[in-house]
Amino acid sequence: DNLATISLIGGNIVLENAGGITASGGTVELGGLNDAGKIILNSDGGLVFPEGVERGNVTLAEQSRVNVTGDGDGTIEINAKNLEITQQSELYAGIAEDSGSQTSVAGNINIDATDSVSIIGELDVSTGDSFEELIEAFTFSRDYGAGIRNNVGISSVRRNSDANRSNSIGNGGDINITTRTLKLLDVAAIDTSVFGRGNGGDININADRV
């Protein structure tokens, strides 16, 4: 299969103002170096970043997204000094709505940040004073807020439906994070949920401080 590969390699990388990268079932690679160094293209098309060279930062803000969902595959690779995801921005992999089969398997989201990974959500508690309204605001913020997601299908909130199950079929991929500091603030999501039929992936975090 000739699946799309999109690589943004430079110094600091910023996606903002609802900016987006979409590669259905393909690979998106984000990363860069702030000092001189050589990035190697290996035999499977992936990038190898040099050790001991300061990397650039990767930032997603203002509802920006990287989306590789499809019938299967779909990988996101990020190599950075700091990764920051804010203001309803997200990394999204997995089996897309109306897609997949029993043999479909999503790719992984792999993040290697030498300093930190920060996911900063927002919870609007001004929608009302009742407990039910607060729960509704929390649910909306969780499902639409800042996050890293590798799901089978999408939630009923995003489908704007009360149906309990998505029609997507397949197995989700993993989320792998290696960093010194992982920060999750307000309603921040790291999510490998199954809303359709299949098995969810694993969340693997290797961090000195959480």
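A brief structural summary. (Residues numbered from 1 in each chain as written. Predicted model: local features only at pLDDT ≥ 70, side-chain atom pairs only at ≥ 80, totals over all residues. Heavy atoms only, no water.)

1. Notes on empty space enclosed by the protein
Argument step 1. Inspection of the entire model under this criterion finds one cavity of 30 Å³ or more.
Argument step 2. When its volume is computed, the largest cavity comes out at roughly 40 Å³.
Argument step 3. Lining the largest cavity, in full, are Y92, D143, R149, N151, S155, R158, D191 and F195.
Argument step 4. A class-by-class count of the residues in the lining of the largest cavity yields two nonpolar, two polar and four charged. (1 Å grid on protein atoms, 1.4 Å probe; cavity = no way out; pocket = protein on both sides within 12 Å on 5 of 7 lines; lining within 4 Å. Points joined across faces, edges and corners; volume = space filled by probe spheres on them. Nonpolar A, V, L, I, M, F, W, Y, C, P; charged D, E, K, R; others polar.)

2. Quick notes on the pairing of strand β15 (residues 175-185)
Argument step 1. Across ten bridges, strand β12 (residues 109-120) lies against β15 in parallel orientation. Within β15, the residue paired with I119 across the bridge is L184.
Argument step 2. Across six bridges, the pairing between β15 and strand β17 (residues 203-209) is parallel. The residue of β17 that forms the bridge with I175 is I203. (Pairing = 2+ DSSP bridges. Helix = DSSP H or I, 4+ residues; strand = E, 2+ residues; numbered from the N terminus.)

3. Overview of the nonpolar core
Argument step 1. V66, I78, L83, L91, I111 and I148 are the most contacted members of the largest nonpolar core, which has 28 residues in total.
Argument step 2. Of all the secondary-structure elements, those providing two or more residues to this core are β2 (13-15), β4 (27-32), β7 (58-60), β9 (75-86), β10 (90-95), β12 and β15.
Argument step 3. When residues no more than four places from it in sequence are discounted, the contact partners of I78 are L30, V58, L83, L91, N110, I111 and D112. (Core = buried A, V, L, I, M, F, W, Y, C linked by side-chain atoms within 4.5 Å. Buried < 20%, exposed > 50% of the residue type's maximum accessible area, 1.4 Å probe, protein only. Contact = heavy atoms within 4.5 Å.)

4. Focus on the sheet that holds strand β8 (residues 65-67)
Argument step 1. Spatial strand order, β3-β8-β10-β13-β16: five strands in an open sheet with parallel pairing. Pairing within the sheet leaves two strands with one partner each, and these edge strands are β3 (20-22) and β16 (189-191). Pairs of neighbouring strands in the sheet enclose a mean axial angle of 15°, with direction left out of account.
Argument step 2. As paired strands, β10 and strand β13 (residues 147-152) are joined by six bridges and run parallel to one another. Note on β13: the bridge partner recorded for A93 is N150. (Axes fitted to C-alpha atoms, helices over the stretch in contact; angles between N-to-C directions.)

5. Overview of the pattern of salt bridges
Argument step 1. Under the definition given, this model contains six salt bridges.
Argument step 2. A salt bridge links E90 to R65, with the shortest nitrogen-to-oxygen separation between them at 2.7 Å. Remark: R65 occurs in strand β8 and E90 occurs in strand β10; sequence separation between them is 25 residues.
Argument step 3. What makes E90 buried here is its relative accessible area of 1%.
Argument step 4. Counted as one network, the salt bridges with shared partners bring together R65, E90, R149 and R158. (Salt bridge = Lys/Arg side-chain N within 4 Å of Asp/Glu carboxyl O.)

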